[in-house]
Amino acid sequence: MFWPHSSWPLLALYLFYLAVALTVCAQMVYHKRDPVKTISWTVVLLFLPFAGLIIYLYFGQNYRKNKIYSRKGHRDERIKKVISAQQIAQFEALKGLLPEEIAKQQRLIKLNLNNNKSILTTHNQITLYTKGKEALEAMLESVRMARHHIHLQTYIIENDAVGTLWQQTLIQKAKQGVEVRFIYDDVGSWRLPNHFIQKLEAAGVEVRPFASVRYPWLTSKINYRNHRKILVVDGHTGYMGGVNIADRYYSGGDWVLWRDAHIRIKGEAVANLQSSFFLDWYFIQGKNISSRLLFYPSPAIEPPVCFTQIITSGPDSDYANIMQSYFTAITQAKKHIYIITPYFTPNETILNAIKIASLSGVDVRIMMPEKSDARVVHLSSRSYYTELMEAQVKIHLFRKGFSHSKVVSIDGEFCIIGSANLDNRSFEHNFEISALIYNEALTLQVESQFRTDIKNCTLLQIKTWEKRPKREKIAEAFARLFSPLL
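The sections below set out a description of the structure shown in this document.

Here is what the cut-offs are and how they apply
Residues numbered from 1 in each chain as written. Predicted model: local features only at pLDDT ≥ 70, side-chain atom pairs only at ≥ 80, totals over all residues. Heavy atoms only, no water. Helix = DSSP H or I, 4+ residues; strand = E, 2+ residues; numbered from the N terminus. Buried < 20%, exposed > 50% of the residue type's maximum accessible area, 1.4 Å probe, protein only. Contact = heavy atoms within 4.5 Å. Areas by Shrake-Rupley, 256 points an atom, 1.4 Å probe, with all protein chains shown as cover. Core = buried A, V, L, I, M, F, W, Y, C linked by side-chain atoms within 4.5 Å. Phe/Tyr/Trp six-rings, centres within 6.5 Å; stacked < 30°, edge-to-face > 60°. Lys NZ or Arg CZ within 6 Å of the ring centre and 35° of its normal. Axes fitted to C-alpha atoms, helices over the stretch in contact; angles between N-to-C directions. Parallel < 35°, antiparallel > 145°, perpendicular 65-115°, else oblique. Left-handed = near helix turned anticlockwise from the far one by under 90°. Nonpolar A, V, L, I, M, F, W, Y, C, P; charged D, E, K, R; others polar.

Our focus in this paragraph is the overall build of the protein chain. Secondary structure summary: the protein chain contains 21 helices and 18 strands in total. In the protein chain, buried positions account for 56% of the 486 residues. Looking at the protein chain alone, contacts between residues at least 24 apart form 82% of all its contacts between residues at least 6 apart. Total accessible area on the protein chain stands at roughly 21,600 Å², and carbon and sulfur atoms take up 58% of it.

Within the largest apolar cluster, 46 residues are counted, with the highest numbers of intra-cluster contacts made by Ile354 and Ile395. Not counting the four nearest positions on each side in its chain, Ile354 is found in contact with Ile330, Ile339, Phe344, Val364, Ile366, Leu388, Val393 and Leu422. With 40 residues, the next largest nonpolar core counts Ala203, Val205, Val233 and Ala246 among its residues.

Aromatic ring pairs are defined here through the distance separating the ring centres and the angle between the ring planes. One pass over the structure, following the stated rule, counts 16 aromatic pairs. Ring plane angle 70° and centroid distance 5.1 Å describe the contact between Phe210 and Phe431, whose orientation is recorded as edge-to-face. Highlighted residues: Phe210 in strand S4 (residues 206-210) and Phe431 in the loop between helix H18 (424-429) and strand S17 (432-438), separated in sequence by 221 residues. Neither residue differs from the other here; Phe210 and Phe431 are each classed as buried. Both rings, one in Phe344 and one in Tyr384, keep their centres 5.7 Å apart while their planes meet at 85°; by these two values the pair is edge-to-face. On the criterion of sequence distance, the pair formed by Phe344 in strand S10 (residues 344-345) and Tyr384 in the loop between helix H16 (375-382) and helix H17 (385-390) is long-range, its members being 40 residues apart. Each member of the pair, Phe344 as well as Tyr384, is classed as buried. Taken together, Phe277, Phe278, Trp281, Phe295 and Tyr296 form an aromatic cluster joined through their ring pairs. One cation-aromatic arrangement involves Arg480 over Tyr384; the distance from NZ or CZ to the ring centre is 3.7 Å.

All right, on to the packing of helix H14 (residues 321-331) against helix H15 (residues 348-359) then. For any two helices packed against each other, one specifies the crossing angle of their axes together with the interaxial distance. Packing of H14 against H15 brings their axes to within 9 Å, and their N-to-C directions diverge by 10°. The pairing of H14 with H15 is recorded here as roughly parallel in orientation. For the element pair H14 and H15, the recorded crossing hand is left-handed. Contacts between H14 and H15 involve Met323, Tyr326, Phe327, Ile330 and Thr331 from the former and Thr349, Ile350, Ala353, Ile354 and Ala357 from the latter. Looking at the contact of H14 with H15, its residues break down into eight nonpolar, two polar and no charged.

Next comes the structure, spelled out in structure tokens:
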């Protein structure tokens, strides 16, 4: 075959790229990456010349194995290891004497003691918020009452009315002498202007972006974001869940209603939220905050018994802790499983667990928004509906507004509430935090809200769903190809 002289440089460049792409594919195979992900990345690398390699460098590297984030040097983690080992021993010593709500969930509790060193706390008072407005107002009220310190962490904060109100409140508390530390994610809050941060810093607020994305470090950090939402006030009141700091979380924005799940914790579990915040601060600063004992006061009151574990997951952990908790919770369900998630692109492990549970007679219901704020992810989520319904899983599409909650509730006995969606990004790439709450009263409250929201949902029927336009099916199929990467 004859090649024009001017084409030889392009051919050489392409052959060079092909050699690099094949080398990357070989490395993925050698390091025993997930076969599905390996195939997906191979398709991207080979069929998107040059652009595919850039996408892989940004989003495809496995930092759980590479461990770019290290817990080394963090005293709180060493203490958690000791206490979790003691609790595991106590479980073995007290067989037959444990409270019923704990005895039933021993398998899940032990899993998190082993893989995440997640201490089981006993005395907690937990308040559930199911609207962003309610959660943000309660959080602001706690911040205004702060006397010693405020530790705030969020994925998104925007320079809008709600963001400005938080800015002004934090400034006011800093001027009053309260220690204020604030972590925001540099990608989640990409549009936050410098002057917003500068005003906070000028007032004495310690502000840190998590994993700043700046060339040449862009490729190593853009895919590993801190998706946690944490607020700790004076060490005795904590908040966590799905609510970020922006107008749409308060008023709904373009949506009629913004449904979310956020909790306030008073009691022993607040110390675990504090520990998570300190660990992320350590990642950023490279050193611990001094006099940390001052940030762990004894609870002012002894709340009622509410067994709780705070679990974290991210590229700094040895295991996909939150994904493993979801899997264990789903597989041990006997009556029903209620799941709420805005995005549904699960790995095969979670997908099969859901289908097996449903086929074995467990009533499995998944609530997702009818419309989404992320088109490609939404199309990928829709690609799972048919096989879920074929496995008798009931799909409820929330049509009143946007459902941003991240909730798993099992048998009316315990629930999981946090920042993690049921998608690969939450399971594998992002820093996430969830609360496992082993309390029937709180769980029944969660499930009551679920049944109320069903009234504002469309229950999908497989025959009707299969009649949707062919162009939608094709778009969903293509989006599904990228689901292991999303």
